[in-house]
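Spelled out from the first residue to the last, the chains are:
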Amino acid sequence: MGKWILLLGGLAILAGNAWGIYTMYQPRVGPIGNGEIANHIWVSIFLSILAGLIATVQFVVLLLYDNHKKRFPKLETERFFLRPIETSDAKEVFHYFSKDEVTKYYDLNTFKDIKEAKVLIKNWQRRYHKKEGFRWGIATKEDNEIIGSCGYHNWEKEHFKAEVGFEVTPEFWRQGVMTEVLQPILRYGFETMELNRIEALFDPENIASQKTLEKADFVHEGTLRKSAFEKGHFCDAAICSLLKEEFVQ
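Since the model is a prediction, treat every value here as computed from it, not as a measurement. (Residues numbered from 1 in each chain as written. Predicted model: local features only at pLDDT ≥ 70, side-chain atom pairs only at ≥ 80, totals over all residues. Heavy atoms only, no water.)

Participant: So what exactly am I meant to see when it comes to the overall build of the protein here?
Facilitator: Scanning the protein from N- to C-terminus turns up seven helices and eight strands. Within the protein, buried positions represent 41% of all 249 residues. When contacts within the protein are restricted to residue pairs at least 6 apart in sequence, those whose partners lie at least 24 apart make up 61%. Accessible surface for the protein amounts to roughly 14,900 Å². Of this, 57% is attributable to carbon and sulfur atoms. (Helix = DSSP H or I, 4+ residues; strand = E, 2+ residues; numbered from the N terminus. Buried < 20%, exposed > 50% of the residue type's maximum accessible area, 1.4 Å probe, protein only. Contact = heavy atoms within 4.5 Å. Areas by Shrake-Rupley, 256 points an atom, 1.4 Å probe, with all protein chains shown as cover.)

Printed below as a string of structure tokens:
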């Protein structure tokens, strides 16, 4: 509703100024101010037109954003909505990324400020806008609040493969969240993104992630020794994958 008010207001301002300028130059009225239109009137008209243009441009930006957001693939499971993550979800994202137990195996330091959550969300959104991947927010059907996320990055379209990643707030650990959520996301990857291979990298000590991926029929392929430099030291990464022909719905 707000964006339509912007449009109507902007168009009203522009139309009013156009009519005003037209009226000032009619023979029955004549120019204002001793044969000339005073400078302060032109300044007022200019500022008014500028305000109208800004309002109209804001409407166009909001309309394009809303249309883009509507195209984001919204999925659903028995207990959760899988939806876009918005800046308004920053409080929930900060809640779990501010916990050491969540970032222990993550390539991020524990968050200290909610601004860090907003930056992360914008990065996820930017990746989607650039068609480099997807990140679904996992929202409970009861209150639509984000309790974690799951999605694709490192999307190599020419090789028909991408990497999947996920996290869940500790309050929902050991409740089968990712086992439930992964199914529609993997299906979307193979069917809509036309992936032939979905990879997952995880810390070899992260047994929870390993078990989650095993339940989804990922095949362990080995360990990439000291393949990343994170949080001041080199670390190993276990790699597993699921191929399209192996995916069982």
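Now that the structure has been shown, the text picks up again.
Participant: Quick question: what am I supposed to make of the layout of surface pockets here?
Facilitator: Over the atoms rolls a probe the size of a water molecule, and in doing so it shows where empty space is left. Within this model, the largest pocket holds a volume of roughly 1,400 Å³. Around the largest pocket sit 47 residues that line it, and Tyr105, Tyr106, Phe166, Asn206 and Ser209 are the ones nearest its centre. (1 Å grid on protein atoms, 1.4 Å probe; cavity = no way out; pocket = protein on both sides within 12 Å on 5 of 7 lines; lining within 4 Å. Points joined across faces, edges and corners; volume = space filled by probe spheres on them.)

Participant: For this particular structure, what's the right way to read the side chain of Thr140?
Facilitator: By the secondary structure assignment, Thr140 is in strand 3 (residues 134–140). Taking relative accessible area as the criterion, Thr140 reaches 7% and is therefore assigned buried. Filtering out sequence-adjacent residues up to four positions away, Thr140 remains in contact with Arg79, Phe80, Phe81, Glu145, Ile147 and Phe172.

Participant: Would you take a moment to explain the pattern of salt bridges for this structure?
Facilitator: Side chains that differ in sign of charge can pair as their charged atoms come close. Scanning the entire structure with this criterion turns up eight salt bridges. Residue Arg83 pairs with Asp89 through a salt bridge whose shortest N-O separation is 3.0 Å. The burial state of Arg83 is the same as that of Asp89; both residues are buried. With a closest N to O distance of 3.7 Å, Lys161 and Glu199 form a salt bridge. Of this pair, Lys161 sits in strand 5 (residues 161–168) while Glu199 sits in strand 6 (residues 197–202), and the two are 38 residues apart along the sequence. Judged by its relative accessible area of 14%, Glu199 falls in the buried class. When salt bridges with common partners are traced through the structure, they connect Lys161, Arg197, Glu199 and Glu221 into a single cluster. (Salt bridge = Lys/Arg side-chain N within 4 Å of Asp/Glu carboxyl O.)

Participant: Would you mind showing me how to read unusual backbone geometry here?
Facilitator: Excluding glycine, residues mostly have negative phi values, and the peptide bonds linking residues are mostly trans. Positive phi, close to 50°, is recorded for Asn154, a residue that is not glycine. By the secondary structure assignment, Asn154 is in strand 4 (residues 146–156). Located in the positive-phi region is Asp217, a residue other than glycine, with phi close to 75°. Residue position: Asp217 is located in the loop between helix 7 (207–215) and strand 7 (219–230). Among the residues examined, Asp217 registers a relative accessible area of 39% and is labelled partly exposed.

Participant: I tried to follow the sheet that holds strand 7 on my own but got confused; where do I start?
Facilitator: Two pairing modes exist for strands in a sheet, parallel and antiparallel, and in both the strands are linked by backbone hydrogen bonds. Reading across the sheet, the eight strands line up as 1-2-3-4-5-6-8-7 and stay open at both edges, with mixed pairing between neighbours. Both outer strands of the open sheet, strand 1 (75–76) and strand 7, are each paired with one neighbouring strand and no more. In this structure, strand 3 lies alongside strand 4, joined through six bridges in antiparallel fashion. Its bridge partner lying in strand 4, Arg135 is registered against Gly151. Packed onto the sheet, helix 5 (residues 114–129) meets strand 3, strand 4 and strand 5 and runs at close to 40° relative to strand 4. Those strands touched by helix 6 (residues 177–191) are strand 1, strand 2 (80–83), strand 3, strand 4, strand 5, strand 6 and strand 8 (233–243), and its axis lies near 30° from that of strand 4. (Pairing = 2+ DSSP bridges. Axes fitted to C-alpha atoms, helices over the stretch in contact; angles between N-to-C directions.)

Participant: What is the right way to look at the side chain of Glu92 in this model?
Facilitator: Here Glu92 is to be found in helix 3 (residues 90–97). Summary of buried charges: Glu92 has no salt-bridge partner, and the nearest side chain of opposite charge, Lys91, is 5.7 Å away. If we skip the residues at most four places from it in the chain, Glu92 touches Glu145 and Ile146. (Lys, Arg positive; Asp, Glu negative; His and termini not counted.)

Participant: Looking at this structure, how should I read empty space enclosed by the protein?
Facilitator: With the rule as written, the count across this model stands at two cavities of 30 Å³ or more. For the second largest cavity, the calculated volume is near 50 Å³. The wall of the second largest cavity is formed by Phe202, Gln210, Leu213, Glu214, Phe218, Val219, His220 and Cys240. Those elements that place two or more of their residues in the lining of the second largest cavity are helix 7 and strand 7. Top contributing element to the lining of the second largest cavity by residue count: helix 7, with three residues.

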